[in-house]
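# Structural overview
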Amino acid sequence: MQWLLSLERQLGRLEFLVALIGLVVIVFATGVEVISRSIFGSPMIWTGELSILAQVWLTFIGASAVYKERGHVGMTGLTEILPPRLGRAALVVRDLGLAALVICVGITAFQLMSNQWAQTLSTLGLPRALTSLPVVWSMVSIAASAILSVFATPATSSGAEEAG
Amino acid sequence: MSTTLLIGGFAVFLVSGAPVALAFLAAAVMFLLWTGIPLSVAGQAMIGGVSNSTLLAVPLFILAGELMNTGGITQRLFAFSSAVMGHVRGGLGHVNVIASIIFAGISGSSSADAAGLGRVEIEAMRKAGYRKEFAAAITAASSTIGPIIPPSIHLVLYGAIAEVGVDYLFLAGVIPGLVMGICLMAGIYIQVVTGREACPTHPWVGAKRLIGSFWEAILPITAPLVIVGGILSGYFTPTEAGVVAVFYVVLVGLLIGELQLDGMIGALSRTVRSSAVVLLILATAQAFAWGLTIERVPEAIATGLLGVSESQVIALAIILVLLIVIGLFESASANLVIITPILMPVAMTLGIDPVHLGIIIVLALTIGVITPPVGMSLFIVAEITKLPVNRIAVATLPYTLALIVALIITAYAPDMVLWLPRLFGYGG
């Protein structure tokens, strides 16, 4: 189990780096857009599409990295006031339920991505599938982390540790 | 049944402690599976939700706020505010509010204010002999000005959802933001004169020191003029203003020699985390909101609200109560995505201007950042002061009331809110 947790941490770091690059690309592309239009009077048409593509990557890959750090906003609620065993059972049901539903989205996003490889983005000329790839990645990665948390969390722990 | 599944599923995941964004998604997926609508709708709604150029302003303004906190700018803002207001009855309490108003002119987030400026403010207030609870309470309360005074991440989100010009929303936020500041300062003053709070003041620093601190802070103080002026003069769009703010803050940080490489990397990392959280909520809430629309929930709520009374005054009062209550239980970003499409038809029927409505919604929901159980600013100042959240929440109550007064003034004085947008050509 330890090697799986270590793998999850490494994957989280990689995802965080990808999201960080996405943010830098947004700053760069939006900056180029402002400078080219306002100072040189010649707007560059590819900057808008690149910024939005980077934003999609930042959102979904970054969200997957943040999920691994338990950094998303959430409510500490029912599972905290339940007795430890019952709280733990509720967490297991919640995480398995989330994993199942999220993986459903991942599968349909994968189908969408498969149909998009032949299409290209209008100004960048890159495959349109690059917009759905981060959704597939994040959904599968989040589902895997949710399942891992079920098997890797000590049986006595409850929702108190889960405050997002 | 499908509506129950959608709303009930969301509630169950939420109270079980699931991340808000995933609770939205899980509920939307259950709804789609039950109704037999293809699941690809959820994926497309999510991607479409964040593939919007207006929303690029969200990570950019978060980054600007984070860079301000690492580049030595917040200290200079606080020093200047202290020179201006430190001698007035209420002392550093007023300084805290003034600094937040200036900070809000560059950053668009309450969390950046509470975490960055808050650290400087609370430390200074503790050294000056203020109660820790008061320092924490007024820091949290004044952080709510961030999302109202332009630039504002929440106004960008509202503009994208309601398809309202972000430039007009930014202009409309100026006066209500100042009203919030005035109400908070009045609250502090009342607390001091009634003896509930002892706020030591320091002597007037003198014109020479005031001019000196102004000179040291002149670049950050003039940043809002550069940002808003640039938008109004057409040099850049509100989204592009985000990157201008980032470049400006970096330039100022380098000029004053306090922005280091590790500080910049830290600011980028925190921005990735905050942006991913906010944008995923926005993305998944789109899928959830799509389900609500299919089930005609907004129309049902609109009919219900208007059934109570067709008077604008009463309906607006109900809306304000509704917004404050839902703001208690959910983050402002998530609420904004859900509540905006629901309230738009009501507002149109009642003749409420969409720009005015945006300011009302954002202000009301922002009050939720200083109330338990999900008040983000409350948690941030609790972490800084190491005080229990409940003690800070109690100390924050008078200022929550002050903000509710500001909300009521904003809601019932549309001409005050729309004065600036109209001055710059808004036709509403």
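For the structure itself, consult the block above.
Residues numbered from 1 in each chain as written. Chains lettered and ligands numbered in written order. Predicted model: local features only at pLDDT ≥ 70, side-chain atom pairs only at ≥ 80, totals over all residues. Heavy atoms only, no water.

### Examining the overall build of chain A
The helix and strand inventory of chain A stands at five helices and zero strands. In chain A, the succession of α and β elements from N to C terminus is α-α-α-α-α. Here chain A has a C-alpha radius of gyration of 20 Å; the compact-globule value for 164 residues is 15 Å, and the former is much larger. With respect to the three principal axes, the spread of C-alpha positions in chain A is 65 × 35 × 30 Å. (Helix = DSSP H or I, 4+ residues; strand = E, 2+ residues; numbered from the N terminus. Rg over C-alpha atoms; globule rule 2.2 N^0.38 Å.)

### Topic: the overall build of chain B
Looking only at helices and strands, chain B has 21 helices and zero strands in total. Taken along its principal axes, the extent of the C-alpha atoms in chain B is 70 × 45 × 45 Å. Burial analysis of chain B (428 residues in total) assigns 62% to the buried set. Contacts in chain B between residues far apart in sequence, at least 24 positions, make up 78% of those at least 6 positions apart. (Buried < 20%, exposed > 50% of the residue type's maximum accessible area, 1.4 Å probe, protein only. Contact = heavy atoms within 4.5 Å.)

### Looking at helix H13 (residues 238–255) of chain B
Residue and element names in this part refer to chain B. Its 18 residues place the ends of H13 25 Å apart at the C-alpha level, agreeing with the 26 Å of an ideal helix rising 1.5 Å per residue. Most of H13 sits out of view: 14 of its 18 residues are buried. A positive backbone phi angle near 75° is found at Gly257, which sits one or two residues after H13. (Expected span 1.5 Å × (residues − 1).)

### Concerning the nonpolar core
Membership of the largest hydrophobic core comes to 205 residues, with the highest contact counts inside it found for Phe24(B), Val58(B), Tyr158(B), Leu323(B) and Ile361(B). It is helix H14 (residues 261–294) of chain B that provides the largest number of residues to this core, a total of 16 residues. Core analysis: the next-biggest nonpolar cluster, separate from the first, contains five residues, Trp57(A), Ile61(A), Leu121(A) and Leu130(A) among them. (Core = buried A, V, L, I, M, F, W, Y, C linked by side-chain atoms within 4.5 Å.)

### Quick notes on the interface of chain A and chain B
Listed by partner, the interface residues are 47 residues for chain A and 50 residues for chain B. In this assembly, chain A packs against chain B so that about 4,400 Å² is buried in total across both faces, 80% of it on carbon and sulfur atoms. For the pair chain A and chain B, the interface holds two salt bridges. Linking chain A to chain B there are seven residue pairs in polar contact (both at pLDDT 80 or more). Looking at the side of chain A that touches chain B, the elements that each hand over two or more residues are helix H1 (2–39), helix H2 (46–68), helix H3 (78–81), helix H4 (84–116) and helix H5 (129–152) of chain A. (Buried area = accessible area lost by both parts, 1.4 Å probe. Salt bridge = Lys/Arg side-chain N within 4 Å of Asp/Glu carboxyl O. Polar contact = N/O pair within 3.5 Å; in protein donor to acceptor, adjacent residues only side chain to side chain.)

### Some points on the pattern of salt bridges
All names here are of chain B. Across all of its chains, the model carries twelve salt bridges over all chains by this definition. In this structure, Glu197 engages Arg131 in a salt bridge whose closest nitrogen and oxygen atoms are separated by 2.8 Å. With Glu197 in the loop between helix H10 (166–193) and helix H11 (207–216) and Arg131 in the loop between helix H7 (110–127) and helix H8 (132–142), this pair connects stretches of sequence that are 66 residues apart. Linking Arg391 and Glu133 is a salt bridge whose minimum nitrogen-to-oxygen distance equals 2.3 Å. One end of the pair, Arg391, is in helix H20 (residues 389–412); the other, Glu133, is in helix H8, with 258 residues separating them in the sequence. On the basis of relative accessibility, which here comes to 43%, the residue Arg391 falls in the partly exposed class. One network of salt bridges, in which partners are shared, links Arg131, Glu133, Glu197 and Arg391.

### A look at the packing of aromatic side chains
All chains considered together, the criterion is met by nine aromatic pairs over all chains. Geometrically, the ring pair formed by Phe10(B) and Phe288(B) is tilted, given 5.2 Å between the ring centres and 45° between the ring planes. Placement of the pair is Phe10(B) in helix H1 (residues 2–15) and Phe288(B) in helix H14, with a sequence separation of 278 residues. For Phe10(B), a relative accessible area of 13% gives the class buried. Looking at Phe288(B), the relative accessible area reads 4%, which means it is buried. Ring geometry for Tyr168(B) and Tyr426(B): centres 4.9 Å apart, planes at 50°, overall tilted. In this pair, Tyr168(B) sits in helix H10 while Tyr426(B) sits in the segment after helix H21 (414–423), placing the two residues 258 residues apart along the sequence. By relative accessible area, Tyr168(B) is classed as partly exposed at 23%. Within the aromatic cluster, the residues linked to one another by ring pairs are Phe10(B), Phe24(B) and Phe288(B). The ring of Tyr67(A) carries Arg70(A) above its face, with NZ or CZ at 5.2 Å from the centroid. (Phe/Tyr/Trp six-rings, centres within 6.5 Å; stacked < 30°, edge-to-face > 60°. Lys NZ or Arg CZ within 6 Å of the ring centre and 35° of its normal.)

### Digging into the side chain of Ser51(A)
Residue and element names in this part refer to chain A. Counting through the fold element by element, Ser51 comes out in helix H2. On the accessibility criterion, Ser51 (0% relative accessible area) is buried. There is a polar contact of 2.8 Å between the side chain of Ser51 and the backbone oxygen of Thr47.

### Quick notes on the environment of Val136(A)
All names here are of chain A. Residue position: Val136 is located in helix H5. A C-alpha to C-alpha distance of 9.0 Å links Val136 and Phe60, two positions 76 residues apart in sequence. Here Val136 is in contact with Gly106, Ala109, Phe110 and Met113, once residues within four sequence places are set aside.

### Some details on the environment of Pro298(B)
By the secondary structure assignment, Pro298(B) is in helix H15 (residues 297–308). Sequence separation between Pro298(B) and Tyr248(B) is 50 residues, and the spatial gap between their C-alpha atoms is 42 Å.

### Digging into the environment of Val93(A)
Residue and element names in this part refer to chain A. Take Val93: it is sitting in helix H4. Classification of Val93 as exposed rests on a relative accessible area of 59%. In this structure the C-alpha to C-alpha distance between Val93 and Val150, which are 57 residues apart in sequence, comes to 8.9 Å.

### Quick word on the layout of surface pockets
Put simply, the largest pocket is a space of about 1,200 Å³. Around the largest pocket sit 44 residues that line it, and Val73(A), Ser111(B), Ser274(B), Met376(B) and Ile380(B) are the ones nearest its centre. At the level of elements, helix H4 (57–70), H7, helix H9 (153–162), H14, helix H17 (332–350) and helix H19 (376–385) of chain B are the ones that each hand at least two residues to the lining of the largest pocket. Here the lining of the largest pocket takes six residues from H14(B), the largest share from any one element. Per-class residue counts for the lining of the largest pocket are 20 nonpolar, 18 polar and six charged. Reported here for the second largest pocket is a volume of approximately 510 Å³. Taken together, 21 residues form the lining of the second largest pocket, with Ile7(B), Phe10(B), Ile326(B), Asn335(B) and Ile338(B) sitting closest to its centre. Where the lining of the second largest pocket is concerned, the elements lending two or more residues are H1, H14, H15, helix H16 (312–329) and H17 of chain B. The residue makeup of the lining of the second largest pocket, split by class, is 19 nonpolar, one polar and one charged. (1 Å grid on protein atoms, 1.4 Å probe; cavity = no way out; pocket = protein on both sides within 12 Å on 5 of 7 lines; lining within 4 Å. Points joined across faces, edges and corners; volume = space filled by probe spheres on them. Nonpolar A, V, L, I, M, F, W, Y, C, P; charged D, E, K, R; others polar.)

Take it as geometry only, folks, not as evidence of what the structure does.
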